[in-house]
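Remarks on the overall topology
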Amino acid sequence: MSHAIKVRLPNRFDFNYHQTFSQECNSLLNDQACQSVELDFSQVQYLDSSALGMLVLLAKKNKGQGNKTLIIQGAQNTAKEILEMANLNKLYEFR
Amino acid sequence: MNGADVEQARNRATRILVVEDDLLFLQYYQLFLESKECEVLCCSSLQDCRELLTQQPATIDLAILDNQLTDGQGLTLVNSIKSRFPFAAILMASATDDADFFLQAFKAGINDYVIKPVNMDLLWQKIQAMVQRSRLEQLTLEQSLALSNWKQHEQQQQHLARHLFDVMLEKLNQPQPQVLACVRPSSAFSGDCIIQCQGMDGSLYLFFADATGHGLAAAVSLMPMLQLFPQMAAKALPLANIAFELNKRLNELLPEDRFVASVLLRINPSAQTLEVWNGCMPQVLLLDAQGRVKERVRSTHMALGILDEQEFEALPVTLALPDFSQIIVHSDGLTETPTLAGQLLQEADIIALAQSPSHELMGQLNALLTDPEDDISLCCVDLQHWPQTADLQVGIQQHSQIKYQLDIRGQALAGSDVPGQIAQLLSQQQLPINLVQRVFVLATEMYLNALEHGVLRLDSQIKHQEEGFFHYYQRKEQGLAKLSEQDWIQLELLWCQQDKSIKLSIRDSGPGFQVSASGTADQPDTVEHGRGLKLLHKLADQVDIVPPGNQFVVQLREY
């Protein structure tokens, strides 16, 4: 069954969120039933460079082991600008 | 009187006063009544009885009066007994069966009579019936008194709650000339509510809510949001953030069977966008310049206060503002209340209603619809007559400046949320959220760079390895634990509204670093770290690194 799983990101997506984020994403990548991962940015107001690092790392891991569709959803304002600036649209589908 | 008192009164022994001058007969009464488990008070004369009454005995249920007493007529006691014990029944015992006398006695207030010689079984039947009736009367009166007290108390409380609710709403709601809003409650309280607020970027925010049920219970469900919504709207936060927070707040505060169907609107003239979030409300109608429905935003979300944070969908529908001339939002009460002609309102009727002048709308609704069982509300926003964005610069005073200097040393470096502080300082000045976010990101990058690479001298390359983030984090924790007064970060923030400029400088106690080693621009985008400097260049108008590389200065101009 095709299966999209949503991960809601917090208001401040920075280094402090790293542990939660990587745990959640690692288990998703290992989940066979899951075909796409949607990162919900609708609540993210603050995002720093280590968050960008985590996103790149996730995309890299996905290439190696999961090959799922990665989606960034609902990014707004500065968060969106930063994601675009980092060219993450090469790794993620923006919605 | 509460339930326990009533029960106690019902179970207490029947208390009977007997006034009889024949002492033998008096004793006979007493023995008989006591055999029926009554308590008996005996008096042999008028005077005897009057003395007893002045001694304030416990309440009596019934008095048996002989009329021919040695010192006068028993009938003369009726008034004093009734005034002392209003619920006591009075039974007149008389040797004559003169109808005129009994007529007079009934007028004086007796409840029944027996003729001497008294048949004791008949007497007992009468006593039981009369006591039962008098106790019921007493109970009824006491209950109706309690009820009327309760009602009065309740009305006072409702009045207070209503006052509080109205004052809160009036204080928080900022009616806009382009918005026509009308709420017709089905009772003293409305579970429908429309709040309008202006964001500091000139956006109009509108919150249209219909809480489960109606009356006080529904109005109370709205209370948690009355303050939260305007606070968030004033900061010009994205609608998704507002919907998310409102849902979270309601989830925390409301019982599970209560929720709030809502429409959230943001009209943003500077971005020329219109955002609509519809959770469980009738469709929002968007009309074009010719007054035709061009778009319907149906409910695609659940009402606020149901889903937990993980399941809640906060994303609104975003539309282009110039495409529309009017927005119409209404509650289900409007389409579910029959008109006086027995019809239900159709979309065309609602569009016609929304064209009424604001002072006539309530009258039109009253003339059109029967008495509602549900609250009814209708709101219409005119998008054609919108003020120019230039008029909308709100809040910020031209002559405002902040110079903020900070020197943090030792362990304090570990526990301080410096970027958060700076963002808070600027957002309190009502600067646009976009700008505050930019400064926050700049401050975060600079502060973390100063702390991690300057003070702690950590190497970003660690992050590159498998599990690298984890090791990096571990080393950071170890480093933070060893901080001393020789380790410091100095920060200076300069904000000048007149020049529209912000300058942020952060210097650390580290040895500095070579710029070329960290890379400025041309790094491949697939590297997980080293984006910090690139971010600074992207977000700031000017970035300077002061030799030997332990100080960064960024500037924003003409924001």
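For the structure itself, consult the block above.
Each value, and the rule that gives it
Residues numbered from 1 in each chain as written. Chains lettered and ligands numbered in written order. Predicted model: local features only at pLDDT ≥ 70, side-chain atom pairs only at ≥ 80, totals over all residues. Heavy atoms only, no water. Helix = DSSP H or I, 4+ residues; strand = E, 2+ residues; numbered from the N terminus. Buried < 20%, exposed > 50% of the residue type's maximum accessible area, 1.4 Å probe, protein only. Contact = heavy atoms within 4.5 Å. Areas by Shrake-Rupley, 256 points an atom, 1.4 Å probe, with all protein chains shown as cover. Expected span 1.5 Å × (residues − 1). Arc of directions from axis to C-beta. Pairing = 2+ DSSP bridges. Axes fitted to C-alpha atoms, helices over the stretch in contact; angles between N-to-C directions. Parallel < 35°, antiparallel > 145°, perpendicular 65-115°, else oblique. Left-handed = near helix turned anticlockwise from the far one by under 90°. Salt bridge = Lys/Arg side-chain N within 4 Å of Asp/Glu carboxyl O. Polar contact = N/O pair within 3.5 Å; in protein donor to acceptor, adjacent residues only side chain to side chain. Nonpolar A, V, L, I, M, F, W, Y, C, P; charged D, E, K, R; others polar.

For the rest of this paragraph, the subject is the overall build of chain B. Scanning chain B from terminus to terminus reveals 18 helices and 22 strands. Each of the 559 residues in chain B was classed as buried or not, and the buried ones make up 47%. Sequence-distant contacts, at least 24 apart, represent 68% of the contacts inside chain B between residues at least 6 apart. In the form shown here, chain B has an accessible surface area of approximately 27600 Å², with 50% of it arising from carbon and sulfur atoms.

What follows deals with the overall build of chain A. Counting its secondary structure elements, chain A contains three helices and six strands. Going through the 95 residues of chain A one by one, you find that 56% of them count as buried. Long-range pairs, those at least 24 residues apart, make up 76% of the contacts in chain A between residues at least 6 apart in sequence. Carbon together with sulfur atoms contributes 44% to the accessible area of chain A, which is approximately 4000 Å² in total.

Residues and elements named next belong to chain B. The end-to-end C-alpha distance of helix 16 (residues 468–481), which contains 14 residues, comes to 20 Å, matching closely the 20 Å that a straight helix rising 1.5 Å per residue would cover. Turning to helix 16, its buried residues are G468, F469, Y472, K476 and L480. Along helix 16, the residues classed as buried sweep out an arc of 105° about the axis, all on the same side.

So, about the sheet that holds strand 18 (residues 401–409) of chain B. Residue and element names in this part refer to chain B. What the five strands build is an open sheet, ordered 18-19-20-22-21; its pairing is antiparallel. Two strands lie at the open edges of the sheet, namely strand 18 and strand 21 (542–546), each paired on one side alone. Pairs of neighbouring strands in the sheet enclose a mean axial angle of 10°, with direction left out of account. Pairing analysis gives nine bridges linking strand 18 to strand 19 (residues 488–496), with the strands arranged antiparallel.

Our next topic: the packing of helix 7 (residues 216–234) of chain B against helix 8 (residues 239–253) of chain B. All names here are of chain B. The contact between helix 7 and helix 8 brings their axes to 10 Å, and the two run at 155°. With respect to their mutual orientation, helix 7 and helix 8 come out roughly antiparallel. The chirality of how helix 7 crosses helix 8 is right-handed. Counted together, S221, P224, M225, L228, F229, M232 and A233 of helix 7 and N241, I242, E245, L246, R249, L250 and L253 of helix 8 form the full contact between these two elements.

All right, on to the interface of chain B and chain A then. Each partner contributes to the interface: chain B provides 41 residues, whereas chain A provides 33 residues. At the boundary of chain B with chain A, the tally comes to three salt bridges. Where E313 of chain B meets K6 of chain A, a salt bridge forms, and the shortest distance between an N and an O atom there is 2.9 Å. Summed over the shared surface of chain B and chain A, the number is ten residue pairs in polar contact (both at pLDDT 80 or more). In the side of chain B that touches chain A, the residues fall into 20 nonpolar, nine polar and twelve charged.

Another aspect to go through is the pairing of strand 16 (residues 326–330) of chain B. One face of the sheet, then the other: side chains in a regular strand alternate in exactly this way. All names here are of chain B. Burial analysis of strand 16 places five of its five residues in the buried class, the great majority of the element. Neither face of strand 16 is left uncovered, since the one carrying Q326, I328 and H330 and the one carrying I327 and V329 both have all their residues buried. Here three bridges tie strand 13 (residues 284–287) to strand 16, and the two strands are oriented antiparallel to one another. Residue pairing in the sheet places L286 in a bridge with I327 of strand 16.

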